[in-house]
Amino acid sequence: MENIKVSDFGITKNGDQIKKYTLTNKNGMKVEIINYGGIVLSLTAPDRKGNYEDVVLGFVNPEDYFNENSYFFGAIIGRFANRIAHGKFSLNGKIFNLNKNNGENHLHGGDEGFFSKIWNIEIVPNSQTLKLSYTSKDGEEGYPGELMTTVFYTLTDQNALEISYEAMTDLSTIINLTHHSYFNLSGDFSREILDHELQLDADQFIPINKSSIPENDLKNVVETPFDFKNFKTIGKDINDNNEQLQRANGYDHCWVLNGNGMRSAGSLYHPETGRKLDILTDQPGIQVYSGNFLDGKFETKTGGKNNPRTGICLETQHFPDSPNRNSFPSVELKPGEIYSTKTVYQFSVK
């Protein structure tokens, strides 16, 4: 198809040839996706002058995507996004032990989560949609059940990237999928995102302990640095003397979204360029990560280094450590059920 181009991207250390798929809509907006990790390499969006620039962080060299897993740039995250305390959970009376890859905890599916898997990609005919599929074997990273996962990426002519997830299992298991792009709406990846304005449709957030596992109670955002009910610059409170901010070195928390079903999760706005990103989802939470642990080890696509706080992740998902919390919405997927969820990243100018 003319609006989807396929090219060679690179070769993994195991000798797998990775392909790049470039989708272009009628406005000239582009997204580049590879079959390694389902990673979004680049995503362009217009500023108020009509200039399209890449707005997601990534590596300059292809091999860095294959060798450096700690940032999860642009990847599909699974089987379970976020953290599971002590890398263990109980399901139907049985205890499952997962790979511990974040201190004593399990993070983002383990050392070899979905972000490092080679996905089968099909171009959906007569569309701007890619269908990605991956089957996770029973016991992979410690999870029960063979999980068949499908992810659809669609670039719309309304300048939105739509991500739809589906999964089925042959044994009861847990699942929590998300997308891990770091956004910087300035188009300059050496700049911090502290001048971006954020709004979140959430009255509560989930406080964390020193190892980033949820504490017992949800907390109201009012009169805290976590109040983004109205647009506020990310930098306004990020350096406050607040225990929660200090534990995460900034924002790396899950907000409890208001409402149910497909709805607004929030918006990110960059006043200088006029770029605005609206997030819609049917998920109960959104993890906001202000790039606190980017470490300047790598060049960015626009020059300079990938320093702390040069990108922000807006990860729609279930709450962290949900398998161990009866008060949180269930993340169990049973045989015969279909896991289905959708998130839309809608770009505009104002």
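Residues numbered from 1 in each chain as written. Predicted model: local features only at pLDDT ≥ 70, side-chain atom pairs only at ≥ 80, totals over all residues. Heavy atoms only, no water.

Enquirer: How would you sum up the nonpolar core? Please name residues and give values.
Expert: Among the nonpolar cores identified, the biggest contains 57 residues, and Phe183, Trp255, Leu314 and Phe347 are the most heavily contacted of them. Not counting chain neighbours up to four residues away, the residues in contact with Trp255 comprise Leu200, Ala202, Gln204, Phe205, Val221, Phe226, Phe228, Pro284, Gly285, Ile286, Val288 and Phe319. If you look at the next biggest cluster of nonpolar residues, it comprises 24 residues, including Phe9, Tyr36, Phe59 and Phe72. (Core = buried A, V, L, I, M, F, W, Y, C linked by side-chain atoms within 4.5 Å. Buried < 20%, exposed > 50% of the residue type's maximum accessible area, 1.4 Å probe, protein only. Contact = heavy atoms within 4.5 Å.)

Enquirer: So what's going on with the sheet that holds strand E23 (residues 263–270)? Residues and values would help.
Expert: An order of E11-E12-E13-E14-E28-E24-E23-E18-E21 is seen for the nine strands of this open sheet, with the pairing classed as antiparallel. Lying at the two open borders of the sheet, with one neighbouring strand each, are strand E11 (120–123) and strand E21 (232–233). Note that strand E18 (residues 197–200) and E21 share two bridges and pair antiparallel. By the bridge assignment, Leu198 is partnered in E21 with Lys232. (Pairing = 2+ DSSP bridges. Helix = DSSP H or I, 4+ residues; strand = E, 2+ residues; numbered from the N terminus.)

Enquirer: I'd love a proper account of the sheet that holds strand E25 (residues 285–289), names of residues and values included.
Expert: The six strands lie next to each other as E17-E26-E25-E22-E19-E20, forming an open sheet whose pairing is antiparallel. Edge positions in the sheet fall to strand E17 (182–183) and strand E20 (219–220), since each of these pairs with one other strand and no more. Judged from the four bridges that link them, strand E19 (residues 202–206) and strand E22 (residues 252–257) form a sheet pairing that is antiparallel. Bridge assignment links Phe205 to a residue of E22, and that residue is Trp255.

Enquirer: Mind laying out the pairing of strand E14 (residues 160–169), listing which residues take part and the relevant values?
Expert: As paired elements, strand E13 (residues 147–155) and E14 share nine bridges and run antiparallel to each other. Bridge pairing in E14 links Val151 to Tyr165. If you look at the hairpin formed by E13 and E14, you'll find four residues sitting between the two strands, and Asn159 has a positive phi there, around 65 degrees. In this structure, E14 lies alongside strand E28 (residues 339–349), joined through eight bridges in antiparallel fashion. Residue pairing for E28: Leu161 is matched across the bridge by Tyr345.

Enquirer: Which residues make up the state of the cysteines, and what values go with them?
Expert: Evaluation of the coordinates by the stated rule reveals zero disulfides. The closest cysteine sulfur to the non-disulfide-bonded Cys254 is located on Cys313, 13 Å from its own sulfur. Overall, the relative accessible area of 0% leaves Cys313 in the buried class. (Disulfide = S-S within 2.5 Å.)

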